[in-house]
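# Structure assessment
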Amino acid sequence: MSVGSEGREGFTSRFGIICAAAGSAIGLGNIWRFPYIVGDSGGGAFLLIYLGFIILLGIPVMLSELIIGRRGQRNALGSFKRLAPGKSWYLVGVMGIVAAFMILAFYSTIAGWTLEYVIKSLGNAFSGKDSGDISAMFTSFHSQAFRPLLWQLVFMAMTAWIILSGVQKGIEKYAKILMPFLVLLLIIMAIRSITLPGAGAGLRFLFQPDFSVVNSSVLLAALGQAFFSLSIGMGALITYGSYIKKQNNLGNISVEVSLADTLIAILAGVAIFPAVFAFGLDPSEGPGLIYTVLPNIFQQMPGGYFFSIIFFVLLAIAALTSSISILEVVVAYMTEELKMTRKKATIMAATAAFFVGIFCTLSFGVLSGTSIGGLTIFGVLDFTASNLLLPLGGLLIVVFVGWYMKRTDVRDEMSNSGLLKIRLFNALIFILRFIAPVAIAIVLFDSLGII
Ligand code: PFF
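Now for a description of the structure that goes with this document. A quick note: this is a predicted structure, and the numbers were derived from the prediction, not measured.

To continue, consider the packing of aromatic side chains. Under the criterion given, the structure shown has 31 aromatic pairs. When the centroid spacing of 6.0 Å and the interplanar angle of 20 degrees are considered together, the rings of Phe-106 and Phe-228 count as stacked. Taken as a pair, Phe-106 in helix α5 (residues 90-122) and Phe-228 in helix α10 (residues 216-230) lie far apart in primary sequence, 122 residues in all. Since its relative accessible area comes to 0%, Phe-106 is described here as buried. Relative to Phe-312, the ring of Phe-311 has its centre 5.3 Å away and its plane inclined at 80 degrees; by these criteria the two rings are edge-to-face. No difference in accessibility class separates Phe-311 from Phe-312, as the two residues are buried. When the ring centre of Phe-425 is taken as origin, the NZ or CZ atom of Arg-411, which lies over that ring, is 4.4 Å away. Cation over ring: Arg-433 sits above Trp-403, and NZ or CZ is 4.2 Å from the ring centre.

Below you can see the structure in the form of structure tokens.
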């Protein structure tokens, strides 16, 4: 990073920003969460709705966050304070920080599972096992306490270490080189998956919409997944936006990052669902889906031993470039607003998130019987953050840019003070003012039974 305007550190190149924003967006959300939510939500119809939400709501919210961050030149909370002094808008930032804590807590649980699967792959643990054995292996792992907690701690420590040591930019550059390999691997796995006997049912499940399964909770799930996957609604991209230099084109960044994120999610779907059906597994089995499906695919691939190791390592790295963006939301707030040192802020935030995360991890084991409103502790954290706080944050963010900010300021920020030609500006403002807030409000309030 280099020192940018106002003496803040900033990304030095367009390359750096795309790496960081795409690094944040592409992660477990695409490869772990997307397939299982599609599976839970009945397949094809969900996918279509999801795509609609990405275009109509996701890209505008992402752009709005970048605008707020670059104009505010502060963390998620500080940017609102600066752009709307004396007003309550900073509460959107507070909500984002709460969401960041919750997401980091359960993200580290699942990222920890990925680390366990790196070790299992190295030990050739899947060899000769049928799909029943592989499912049993997963159950016996996540229902223990010690190993999942250990891996969660390791992952959280890695996240904190990257934030602390300032190697973030280095990591993002590596990620830029490594992520194309992840995509390549997913393509190879997708090919293997769709050539398995019985794979057609999986493709039909993913691509043939059956709208009879759509209800308000499916709509909410699609909304939550779109926000989670794009890293929007809690200020991660406000924070990153504040590190972006004046000469970068925020509109292009939003479109490119959203496109890449969506393609990778679909690719993950194409790798997973044909195999789910070919191996007679259950598409709606929940958060364990990829861990019970993917080892079966590797077993059917020449060189599967090596593929499985590389895949889980790359998935862990993709998770890291996302988790650092989540922790950064909290750390940037604590250093800028509470004037803490970066070290103290990082250690405190990571420790607190780990503490909450312990309960989340154990909710797949000894605490699996503890339910709150019919959800496990993991379920509560995930639902509250992904399906409620992120959409609500996104709603307020578009209202802020569409209604509160001056139109000339929005135009100025998008066009880099008139240097760039911007197309469709009026259409964008229309979306920010009317379409996005109304659509988010309808889905959110309908599913909560408020309307
Ligand atoms: N978008 C990340 C993923 O798909 O894995 C997760 C995430 C990162 C969510 C940052 C929210 C966020 F602010």
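Alright, that's what it looks like, and here's the rest.
The topology assignment puts Asp-446 in helix α18 (residues 425-447). In this structure the C-alpha to C-alpha distance between Asp-446 and Ser-325, which are 121 residues apart in sequence, comes to 31 Å. Among residues more than four places away in sequence, those in contact with Asp-446 are Ser-216, Ala-441 and Ile-451.

This next bit is on the packing of α5 against helix α14 (residues 304-336). At their nearest, the axes of α5 and α14 sit 9 Å apart, and the two run at 160 degrees to each other. Classified by the angle between their axes, α5 and α14 sit roughly antiparallel to one another. Relative to α14, α5 is oriented so that their crossing is left-handed. Taken together, the residues of the contact of α5 with α14 sort by class into 23 nonpolar, five polar and no charged.

The next point concerns helix α6 (residues 131-142). In a regular helix each residue adds 1.5 Å, so 12 residues correspond to 16 Å; α6 covers 17 Å between its end C-alpha atoms and thus fits that length. Buried positions along α6 lie against α5, α7 (146-165) and α13 (289-299). At the N-terminal end of α6, a side-chain oxygen is found 3.0 Å from the backbone nitrogen of Gly-132, two or three residues along, and the residue is Asp-130.

Scanning the entire structure with this criterion turns up nine salt bridges. Sharing partners across several salt bridges, the network here consists of Arg-70, Arg-71, Lys-246, Asp-409, Asp-412 and Glu-413.

So, about a nonpolar patch on the surface. A contiguous nonpolar patch, built from Ile-55, Leu-56, Trp-403, Phe-430, Phe-434 and Ile-435 and spanning about 580 Å² of accessible area, is present on the exposed surface. Counting only elements with at least two residues in the nonpolar patch, the list comes to α3 (44-72) and α18. With three residues, α18 is the single largest residue contributor to the nonpolar patch. Here Leu-56 is to be found in helix α3.

Here we take up the site of the ligand. Neighbouring residues of the ligand: 15 residues in total, closest Ala-25, Gly-29, Tyr-107, Phe-228 and Met-234. Within the side chain of Asn-30, an N or O atom sits 3.4 Å from an oxygen atom of the ligand. Within the backbone of Ser-229, an N or O atom sits 3.1 Å from a nitrogen atom of the ligand. For the ligand, whose free accessible area comes to 340 Å², the fraction covered by protein is 100%. Looking at the shell around the ligand, the elements with two or more residues in it are α1 (14-25), α2 (28-40), α10 and α14.

We now examine α3. An α-helical segment advances 3.6 residues per turn. Residues three or four places apart therefore align on the same side. With 29 residues, α3 extends 40 Å from end C-alpha to end C-alpha; this agrees with the ideal 42 Å at 1.5 Å per step. Residue Ile-54 marks the point of greatest curvature in α3, where the axis turns by about 40 degrees. With 23 of 29 residues buried, α3 is to be regarded as a mostly interior element.

Now for the side chain of Arg-70. Within the secondary structure, Arg-70 is located in helix α3. The class for Arg-70 is buried, based on a relative accessible area of 0%. One polar contact links Arg-70 to Asn-416, side chain to side chain, over a distance of 2.6 Å.

Counting through the fold element by element, Lys-173 comes out in helix α8 (residues 168-194). Exposure remark for Lys-173: the relative accessible area of 38% places this residue in the partly exposed category. Measuring from C-alpha to C-alpha, the distance between Lys-173 and Cys-19 comes to 6.6 Å, with 154 residues separating the pair along the chain.

Moving on, we get to the packing of α2 against α3. One way to put it is that α2 packs onto α3 with a least axis distance of 8 Å and a crossing angle of 125 degrees. Taken together, the axes of α2 and α3 are oblique relative to one another. Once α2 is placed against α3, the crossing between them reads as right-handed. Contacts between α2 and α3 pair Phe-34, Ile-37 and Val-38 from the former with Phe-46, Leu-47 and Tyr-50 from the latter. Broken down by class, the residue content of the contact of α2 with α3 amounts to six nonpolar, no polar and no charged.

Conventions used here
Residues numbered from 1 in each chain as written. Predicted model: local features only at pLDDT ≥ 70, side-chain atom pairs only at ≥ 80, totals over all residues. Heavy atoms only, no water. Phe/Tyr/Trp six-rings, centres within 6.5 Å; stacked < 30°, edge-to-face > 60°. Helix = DSSP H or I, 4+ residues; strand = E, 2+ residues; numbered from the N terminus. Buried < 20%, exposed > 50% of the residue type's maximum accessible area, 1.4 Å probe, protein only. Lys NZ or Arg CZ within 6 Å of the ring centre and 35° of its normal. Contact = heavy atoms within 4.5 Å. Axes fitted to C-alpha atoms, helices over the stretch in contact; angles between N-to-C directions. Parallel < 35°, antiparallel > 145°, perpendicular 65-115°, else oblique. Left-handed = near helix turned anticlockwise from the far one by under 90°. Nonpolar A, V, L, I, M, F, W, Y, C, P; charged D, E, K, R; others polar. Expected span 1.5 Å × (residues − 1). Polar contact = N/O pair within 3.5 Å; in protein donor to acceptor, adjacent residues only side chain to side chain. Salt bridge = Lys/Arg side-chain N within 4 Å of Asp/Glu carboxyl O. Patch = residues over 30% accessible without salt bridge, like charges linked within 9 Å, V, L, I, M, F, W, Y side chains within 5 Å. Areas by Shrake-Rupley, 256 points an atom, 1.4 Å probe, with all protein chains shown as cover. Near = heavy atom within 4 Å. Bend = angle between axes of the 7 residues up to and from the residue.

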